[in-house]
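Close look at the chain arrangement
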Amino acid sequence: MACGATPANLGQWNKNAEFWDQTLGEGNDLFLELILPTLEELADAKPGDKVLDIGTGNGIVARRFARDGVHVVATDYSEAQIENARRRTEGSGKVVTFLQLDLLDKSALDEFAEQFPQEFDIVTGSMLLKELSDLKPLAEFLPKVLKPTGRIIMANLHPCFRKPGAHRVVEVTENPRTGAQEIQTLIKVSRYLNIGPVQSKALRGQPEPLLWFHRPIHQLLGPFFDAGLVVNMVREPSFQSGEDPSLAQSYHNFPQIPMQFIFRLVLLNP
Ligand SMILES: C[S@@+](CC[C@H](N)C(=O)[O-])C[C@H]1O[C@@H](n2cnc3c(N)ncnc32)[C@H](O)[C@@H]1O
């Protein structure tokens, strides 16, 4: 078992798994509009490619890639998440190999890397890095399982504009000329560099809060640079599908503020 906060979050994930699976299904608007299309764009998967989806949860990303002859291995450290991912995938007609792997456990990572040396064209990690108390074991593991021409894509809530450092502000005013109610949205950032870890209930109503490790961008990327990886593509998508007048705080009402910070890593010296 790895050190640090892992055991606590692991227990919480096992308790949250059913709620997450039922709530997210094959993905909410965040996945369908922002994460999945951007992962697909940056991954550029071709038939015959091998994909590794780490911290797969109920397997939303893994199933999305498992088509057109793309072979997918997906891992998570939570037995309950893996169980849900397997069950959902069996009913989907797709083929994914699910394995248990703790991304903080160096010996488990070494063992996995020996089993799959330089095997993957694409590695994906969606909404994962905030879960990890230490990025170094993962950063050192990735080059061992990546093909020299491979790419790694990590999707995260934007660390500058989204929680836990940034808060949504909604101003409701009445236009003096027309009398119409107007809503203006803005983001208030009071802290960015040193935050947390904090407890978070990312999905409203989830049974257990989870520890969230916020990192400013230099700390988010630094461990990957130290491991010989470089960023060669970045996307900062926001919702563009129209505003939501019925829910002022909806993320759809912040089209100018990126919801996601998605980056692609490749080997500096393949
Ligand atoms: C926010 S969920 C995202 C799941 C999935 N990638 C998605 O986007 O739907 C984070 C996932 O990371 C997993 N996780 C957290 N810490 C982990 C660790 N140390 N090793 C492996 N998986 C971990 C959790 O079990 C959970 O399934």
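Up top is the structure these notes are about.
What comes next is a walk through the structure. Not measured: the values here are computed from a predicted model. (Residues numbered from 1 in each chain as written. Predicted model: local features only at pLDDT ≥ 70, side-chain atom pairs only at ≥ 80, totals over all residues. Heavy atoms only, no water.)

**What about the overall build of the protein?**
Helices and strands together make up the secondary structure of the protein, namely 7 helices and 11 strands. Its C-alpha atoms give the protein a radius of gyration of 19 Å, near enough to 18 Å, the size a compact globule of 270 residues would have. Once the C-alpha set of the protein is aligned to its principal axes, its extents read approximately 70 × 40 × 35 Å. Across the 270 residues of the protein, 50% fall into the buried class. Accessible area for the protein stands at about 12800 Å²; split by element, carbon and sulfur atoms hold 52% of it. If you average the places of the 27 positive and of the 33 negative side-chain charges in the protein, the two averages end up 2 Å apart. (Helix = DSSP H or I, 4+ residues; strand = E, 2+ residues; numbered from the N terminus. Rg over C-alpha atoms; globule rule 2.2 N^0.38 Å. Buried < 20%, exposed > 50% of the residue type's maximum accessible area, 1.4 Å probe, protein only. Areas by Shrake-Rupley, 256 points an atom, 1.4 Å probe, with all protein chains shown as cover. Lys, Arg positive; Asp, Glu negative; His and termini not counted. Charge placed at Lys NZ, Arg CZ, Asp CG, Glu CD.)

**As for helix α6 (residues 136-145)**
Most of α6 sits inside the fold, with 7 of its 10 residues counted as buried. All buried positions along α6 are accounted for by Pro137, Leu138, Ala139, Phe141, Leu142, Pro143 and Val145.

**Quick word on the site of the ligand**
Surveying the vicinity of the ligand reveals 20 residues, the closest of which are Gly55, Asp76, Gln81, Leu103 and Ser126. Separating a nitrogen atom of the ligand from a backbone N or O atom of Gly55 is a distance of 2.6 Å. Gln81 places a polar side-chain atom, nitrogen or oxygen, 2.8 Å from an oxygen atom of the ligand. Within the complex, the protein chains bury 99% of what would otherwise be the 590 Å² of accessible surface of the ligand. By residue class, the composition of the shell around the ligand is 10 nonpolar, 6 polar and 4 charged. (Near = heavy atom within 4 Å. Polar contact = N/O pair within 3.5 Å; in protein donor to acceptor, adjacent residues only side chain to side chain. Nonpolar A, V, L, I, M, F, W, Y, C, P; charged D, E, K, R; others polar.)

**Looking at the side chain of Asn84**
Note that Asn84 resides in helix α4 (residues 79-90). Taking relative accessible area as the criterion, Asn84 reaches 3% and is therefore assigned buried. Here the side chain of Asn84 touches Ala17 through a polar contact of 3.4 Å, landing on its backbone oxygen.

**Focus on the sheet that holds strand β10 (residues 229-235)**
Note on sheets: strands pair through backbone hydrogen bonds, and any given pair is parallel or antiparallel. Ordered by their spatial adjacency, 7 strands build an open sheet running β3-β2-β1-β4-β5-β11-β10, and the pairing between neighbours is mixed. Either end of the sheet is taken by a strand with one partner, and the two such strands are β3 (96-100) and β10. Pairs of neighbouring strands in the sheet enclose a mean axial angle of 20°, with direction left out of account. Bridge count between strand β1 (residues 50-54) and strand β4 (residues 120-126): 4 bridges; the pairing is parallel. Each bridged residue has a counterpart across the sheet, and for Leu52 the counterpart in β4 is Val123. (Pairing = 2+ DSSP bridges. Axes fitted to C-alpha atoms, helices over the stretch in contact; angles between N-to-C directions.)

**Observations concerning the pairing of strand β5 (residues 146-157)**
Of all 12 residues in β5, 9 are buried; the element is thus mostly enclosed. As paired strands, β4 and β5 are joined by 6 bridges and run parallel to one another. Across the sheet, the residue bridging to Thr124 is Ile153, located in β5. Crossover connection from β4 via α6 to parallel β5: handedness right-handed. One ladder, built from 6 bridges, connects β5 with strand β11 (residues 260-267); its direction is antiparallel. Bridge pairing in β11 links Ala155 to Ile262. (Right-handed = clockwise from strand over helix to strand, strands pointing away.)

**Description of the pattern of salt bridges**
Summed over the entire model, instances satisfying the criterion amount to 15 salt bridges. For Arg63, the salt bridge is made with Glu26, and the minimal N-O distance between the two is 3.0 Å. With Arg63 in helix α3 (residues 60-65) and Glu26 in the loop between α1 (6-24) and α2 (29-43), this residue pair connects regions lying 37 residues apart in the sequence. Residue class for Arg63 comes out buried when judged on its relative accessible area of 2%. Two residues, Lys50 and Glu119, come together in a salt bridge whose shortest N-O distance is 2.9 Å. Of this pair, Lys50 sits in strand β1 while Glu119 is found in the loop between α5 (106-115) and β4, placing the two residues 69 residues apart along the sequence. When its relative accessible area of 28% is taken as the criterion, Lys50 is described as partly exposed. (Salt bridge = Lys/Arg side-chain N within 4 Å of Asp/Glu carboxyl O.)

**A look at the side chain of Asn58**
Relative to the helices and strands, Asn58 is located in the loop between β1 and α3. A polar atom in the side chain of Asn58 sits 3.1 Å from the backbone oxygen of Gly25. Residues within four places of Asn58 in sequence aside, it is in contact with Asp21, Gly25, Arg63, Gln81, Asn84, Ala85 and Arg88. (Contact = heavy atoms within 4.5 Å.)

**Details of α5**
For α5, the complete set of buried residues consists of Leu109, Phe112 and Ala113. Each buried residue of α5 sits inside an arc of 100° when the element is viewed along its axis, so together they form one side. Exposed and oriented more than 90 degrees from the buried face of α5 are Ser107, Glu111, Glu114 and Gln115. Summarising the contacts, the buried residues of α5 are in contact with β1, β2 (71-76), β3, β4 and α6. (Arc of directions from axis to C-beta.)

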